[in-house]
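A closer look at the structure
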Amino acid sequence: QINKVFLIIISVALLASPAIAQKDFKNTIMVPASFAELAKQARPGVVNIQTVKTIEGGGRVYKHFFGQPFGGNQNPLDEFFSPFFNQMPQNRKESSLGSGFIISKDGYIVTNNHVIKDADQIKVILHDKTEYDATIIGTDPMTDLALIKIKAKDLKPLEFGSSSKTEVGSWVVAIGSPFGLEQTVTAGIVSAKGRIIGSGPYDDFIQTDASINPGNSGGPLLNLDGEVIGINTAIVRAGQGIGFAIPSDLATGVIDQLTEQK
């Protein structure tokens, strides 16, 4: 009888031990075997956006990859290049690249405001290389969101998910055109939520370590169900593995308002 009681006590102790608890915890971790199916389903809903804008008043010739001048009067190159400034044309065309995603079958597309700001021409390229000219439906600089439209039918829109229900540590996938490389898929996790980075009055970003680079702006951040839970927007200069996305719960309200303005 004593032996039976002893065995029962030992059994209970083993079940409650840290080693067993740790083993059970490990068994609950779900690592996707592949993101291939998710990417296959979502990529038709992601677009590449190319814009052309007119820059007035000449300007500097030494620029970043996407045509953004170093700027500022304290630039050490100012003194070296100043003799050549008067030779530059008063107006010039400047191209930029970005991403976006389709939200309706008839051609409504979400992107960042800074991607299409002041653009004279907006070209949208679908996953099958079909090109369309786009028009601006509405913009909201405060949240850096924009709604544009192309004349197309039977497109494959992406659906929004809930950013508030997305937990830190959740797997996410980003699709976009970093450095003009269209339909690039990267994966990572939600690193943090509610990040304030000083970009405006509506700072409430999702931080992710899914690789985001210049050109990803306006593209979707997806959960494993293929739902958009964020709009990729910002990166930290010289920061590796740190990107930020506008939460979908904030974006959907703004997009609804922009749609009503059409």
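In the block above lies the structure referred to throughout.
Scope of this entry: the structure provided in the associated data block. (Residues numbered from 1 in each chain as written. Predicted model: local features only at pLDDT ≥ 70, side-chain atom pairs only at ≥ 80, totals over all residues. Heavy atoms only, no water.)

Observations regarding the environment of Glu 56
Topologically, Glu 56 is positioned in strand E1 (residues 46-56). As a C-alpha pair, Glu 56 and Lys 93 span 37 residues in sequence and 8.9 Å in three-dimensional space. (Helix = DSSP H or I, 4+ residues; strand = E, 2+ residues; numbered from the N terminus.)

What to know about the side chain of Thr 111
Inspection of the secondary structure puts Thr 111 in strand E3 (residues 108-112). Its relative accessible area of 0% is what places Thr 111 among the buried residues. Here the side chain of Thr 111 touches Ser 99 through a polar contact of 2.7 Å, landing on its backbone oxygen. Residues in contact with Thr 111, not counting those within four places in the same chain, are Ile 49, Ser 99, Gly 100, Ile 116, Asp 144, Leu 145, Ala 146, Ser 217 and Gly 218. (Buried < 20%, exposed > 50% of the residue type's maximum accessible area, 1.4 Å probe, protein only. Polar contact = N/O pair within 3.5 Å; in protein donor to acceptor, adjacent residues only side chain to side chain. Contact = heavy atoms within 4.5 Å.)

Structural notes on unusual backbone geometry
For Lys 129, which is not glycine, the phi torsion reads 80 degrees and is therefore positive. Counting through the fold element by element, Lys 129 comes out in the loop between strand E4 (121-125) and strand E5 (131-133). For Lys 129, a relative accessible area of 57% gives the class exposed. Although it is not a glycine, Gln 183 sits at a positive phi angle of roughly 55 degrees. Mapped onto the secondary structure, Gln 183 falls in the loop between strand E8 (171-176) and strand E9 (184-195).

A look at the environment of Asp 256
You can see Asp 256 is positioned in helix H6 (residues 248-260). Through-space distance from the C-alpha of Asp 256 to that of Leu 147 is 9.7 Å; in sequence the pair is 109 residues apart.

Examining the pairing of strand E7 (residues 145-149)
Of all the five residues making up E7, four are buried; the element is thus mostly covered by neighbouring parts of the structure. Both E3 and E7 contribute to a ladder of five bridges, which runs antiparallel. From the neighbouring strand, Thr 111 faces E7, where its bridge partner is Ala 146. Alignment of strand E6 (residues 135-140) against E7, held across five bridges, turns out to be antiparallel. If you follow Gly 138 over to E7, its bridge partner there is Leu 147. Hairpin connection between E6 and E7: a loop of four residues separates the two successive antiparallel strands, and Asp 144 in this loop has a positive phi of roughly 60 degrees. (Pairing = 2+ DSSP bridges.)

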